[in-house]
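Okay, here's what each chain looks like letter by letter:
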Amino acid sequence: MSKTTTDTELPPAPDDTAAERLSTAPVESDGPIGIGVLGWARWMWRQLTSMRVALILLFLLSLAAIPGSLIPQNGQNQFKVQTWKAQHTTVAPIYEKLQLFDVYSSVWFSAIYILLFVSLAGCIIPRTWQFVGVLRSQPPAAPRNLTRMPVYAAWRTGADPERVNAAAHRLLRKRGFRANLAGGSVAAEKGYLREVGNLLFHLSLFALLGGFAWASLASGTGGKLIVEGQGYSNTITQLDDFTGTRFYGNQDLDPFYLKLDDFTSKFQNTGDQMGAARQFTANVEYYQGSDESKLKKGSIEVNHPLEIGGSKVYLIGHGYAPVITVKNGKGDVVYHDVVPFLPQDANLTSTGVVKVSDYGVGPDGNKTQLGFSGFFLPTAPLSFAGTGPISLFPGDAAPELVLNAFSGDLGTDSGLPQNIYQLNTARLTQMKQDDQPAKALLKPGQAWELPDGYGTVTFEGYKQWASFNVSHRPGNEIALTGAVLAILGLIGSLFIQRRRIWVRAVALPGGGTQVELAGLARSESAKIAEELAELAVDLQDDAPASEEDPPGSAEAADEETGATPEGPAPGGPAPEQPAAEDPAAEDPTAPADQNSKE
């Protein structure tokens, strides 16, 4: 008895391993998932050295430099910083924490240019190595089909192929091409200075940043206010302020002596720009070191510093200094000095204080001190009604001195430092005159008799003062050289064209030689067509075109492509052809385009 079945037997169920082979789902694993630490480091390095990130860092560096030009900087004018802080007491502590008064040495500014340093280095080193390899190799060999090049010319000649190729090789080298004769063709390339300009531009940026970094680490600045007829030695004890760096401290100051002989200031006194500055000149005497016999004369103007040793002395401000004499009730001179007053506006309305700490015994028999605060007005108005003390013009057309008088304790004997331009009135009492605060308006030569027998104050006259910035900045030459080379490199990378020319002369089966010329520019340029046409004309002396070409020869091919022995068809550019073959596809030595900072 036979056994029959109508059901098809099913294959045995696959095991888990077979199921995994058939499935497209990712295999679960207990191992690590992701690219790992090394992969992330490689990715971050590629991002940092990419052109996009470099441009972003350069843009951020530009933005970060803006506060340094809008907000006074300690390294340039510390006195101006103190004045700005006194006028903006609310935001000054915030700016201090954000390091906005020291922008170029701040942590956030340093982080930006250090990252830009690394980005440039990561781009320059591999590109330089690659360019050296290109210079050591021969130009890429001619592609198989030269007719597909953007610029093409061909003709038939009776000259020998070897002779034609040798003549083309000679002519190309004469034109400054790097030419290589091999394999029955000539390969030539020109315009390597384009990449040299590119590398020079990046190296110059590196030098520019390097000079800036060196200046930030090895520079120092000091400030000094000098009245006409006075001088100072460039030491830390005689400077008004000093800002050093890691590699430049107060012991590294250049030794010299500087004296301000006189100061000349001129302002426009008519027209729409009345009051505008026209001349600021400080005439000085100076000597370097300690040898007074080497005394020299010089002048310092705005943006025209005086260089002494390794430092430059810049003129950064000027103002007026009244000459004031104070006598006590007995007529003895207890104070006589030139007091610099600080400008508060464009018309040089200036404020200042006089501290008479050695006044002695007052009318009440007790030891006392006097203090005066007031305004110096180079050109005072006829009346202060409704305006208060204010100057109408920066020049000294009508100088006047406005003073308030105080008596008591100045606090100078406490041993605590004080600002010489501010008067602490906590322990002072303002003098009264006719039950009103004692005030006086003095012209040069006038005296004011103080109330209660305290003596007199005489406004003897006034002098001008100038404030100087003494700067030692060793990286400026490096930065300037980098800037000039960057411009030269940029010009080379923009105007020099990288181009290749191939010449192939081969014998035809029916006799004669077919000469083909083709050109390829790495960027859009009409120069390659002109050079190819000139080469074709010069090559006619060694490979003259045949007068009759049989059908199917190179001349017929020229009629189809629109090319002529002198270059593309007349009347415009060559007609559109299929995409040009990339020589790098046939020649492994041809340099490939990289994601670089061009």
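Presented here is a report on the structure given in the accompanying data block. (Residues numbered from 1 in each chain as written. Predicted model: local features only at pLDDT ≥ 70, side-chain atom pairs only at ≥ 80, totals over all residues. Heavy atoms only, no water.)

### Some words on the pairing of strand S3 (residues 185-190)
So the rule is basically this: Between buried and exposed lies partly exposed: a residue is buried under 20% and exposed over 50% of the maximum accessible area for its type, with that area taken using a 1.4 Å probe on protein chains only. Numbering of helices and strands starts at the N terminus; helices are DSSP runs of H or I of at least 4 residues and strands are runs of E of at least 2. Strand pairing requires that DSSP identify at least two bridges connecting the strands.
Taken across its six residues, S3 has five buried, putting it largely inside the fold. Between strand S2 (residues 178-182) and S3, which pair antiparallel and follow one another directly, the connecting turn spans two residues, one of which, Gly-183, has a positive phi of 65 degrees. In this sheet, strand S23 (residues 499-507) lies alongside S3 in antiparallel orientation, the contact comprising six bridges. Across the sheet, the residue bridging to Ala-188 is Ile-501, located in S23.

### With respect to the pattern of salt bridges
In plain terms, the rule: Salt bridges are counted wherever a side-chain nitrogen of Lys or Arg sits within 4 Å of a carboxyl oxygen of Asp or Glu.
Applying the stated rule across the entire model yields 13 salt bridges. Among the ionic pairs, Glu-195 bridges to Arg-127, the shortest N-O distance being 2.6 Å. Highlighted residues: Glu-195 in helix H8 (residues 193-218) and Arg-127 in helix H6 (residues 107-136), separated in sequence by 68 residues. The class of Glu-195 is buried, set by a relative accessible area of 15%. The salt bridge partner of Arg-500 is Glu-189, with a shortest N-O separation of 3.1 Å. Here Arg-500, found in strand S23, pairs with Glu-189, found in strand S3; they are 311 residues apart in sequence, far enough to count as distant.

### Things to note about the nonpolar core
Heads up, the rule is: Residues enter a nonpolar core if they are buried and are Ala, Val, Leu, Ile, Met, Phe, Trp, Tyr or Cys, with the set joined through side-chain atoms within 4.5 Å. The contact criterion used throughout is that any non-hydrogen atoms of two residues lie within 4.5 Å.
Core analysis: the largest hydrophobic core is formed by 28 residues, its most contacted members being Val-326, Val-356, Leu-370, Phe-372, Trp-448 and Leu-450. Where this core is concerned, the elements lending two or more residues are strand S11 (311-327), strand S12 (333-338), strand S14 (350-361), strand S15 (367-377), strand S16 (400-408), strand S20 (439-442) and strand S22 (456-472). For Leu-450, the contacting residues outside a window of four places in its chain are Leu-370, Phe-372, Ala-405, Met-431, Gly-455, Thr-456 and Val-457.

### Remarks on the sheet that holds strand S8 (residues 277-288)
Cut-off, in case you're wondering: Here, axes are lines fitted to C-alpha atoms. For helices the fit covers the stretch in contact, and angles between N-to-C directions go from 0 to 180 degrees.
The antiparallel open sheet is built from four strands, whose spatial order is S5-S7-S8-S9. Whereas interior strands pair on both sides, the edge strands pair on one side only; in this sheet they are strand S5 (231-233) and strand S9 (296-301). In this sheet, neighbouring strand axes are inclined to one another by 25 degrees on average, regardless of whether the strands run parallel or antiparallel. When S5 meets strand S7 (residues 256-267), the two strands line up antiparallel, connected through three bridges.

### Quick word on the environment of Ile-501
With respect to the secondary-structure elements, Ile-501 resides in strand S23. Sequence separation between Ile-501 and Leu-517 is 16 residues; the distance between their C-alpha atoms is 7.2 Å.

### Quick notes on unusual backbone geometry
The phi torsion of most residues other than glycine is negative, and most of the peptide bonds are trans. Phi is positive for Gln-99, close to 60 degrees, though the residue is something other than glycine. Residue position: Gln-99 is located in the loop between helix H5 (92-97) and H6. Of note, the phi angle at Asp-435 is positive, near 60 degrees, even though the residue is not glycine. Along the polypeptide, Asp-435 turns up in the loop between strand S18 (432-433) and strand S19 (436-437).

### A short note on empty space enclosed by the protein
Applicable threshold: Definitions used for this entry: grid spacing 1 Å over protein atoms alone; cavity, a set of points where a 1.4 Å probe fits but cannot get out; pocket, an open set with protein on both sides within 12 Å along at least 5 of 7 lines; lining residue, one with an atom within 4 Å of a point. Grid points are joined across faces, edges and corners, and a volume is the space filled by probe spheres set on the points. Residues are grouped as follows: nonpolar covers Ala, Val, Leu, Ile, Met, Phe, Trp, Tyr, Cys and Pro; charged covers Asp, Glu, Lys and Arg; every other residue, Gly included, is treated as polar.
Enumeration over the complete set of coordinates arrives at three cavities of 30 Å³ or more. What the second largest cavity holds in volume is close to 50 Å³. What lines the second largest cavity is a set of 13 residues, among which Gly-220, Asn-234, Tyr-248, Leu-253 and Val-470 lie closest to the centre. Those elements giving two or more residues to the lining of the second largest cavity turn out to be strand S4 (220-227) and S22. Broken down by class, the residue content of the lining of the second largest cavity amounts to five nonpolar, seven polar and one charged.

### So, helix H7 (residues 161-174)
Selection rule: One less than the residue count of a helix, multiplied by 1.5 Å, gives the span that helix is expected to have. Side-chain atoms alone can form a polar contact between residues adjacent in sequence; in general such a contact is a pair of N or O atoms within 3.5 Å, and within protein one must be able to donate a hydrogen while the other accepts it.
The end-to-end C-alpha separation of H7 is 20 Å, in line with the 20 Å expected for 14 residues at 1.5 Å each. Of the positions making up H7, those classed as buried are Pro-161, Val-164, Asn-165, Ala-167, Ala-168, His-169, Leu-171 and Leu-172. Against strand S1 (151-157), S2, S3, S23, strand S24 (513-521) and helix H10 (527-539) lie the buried residues of H7. One side-chain oxygen at the N-terminal end of H7 lies 3.2 Å from the backbone nitrogen of Glu-162; it belongs to Asp-160.

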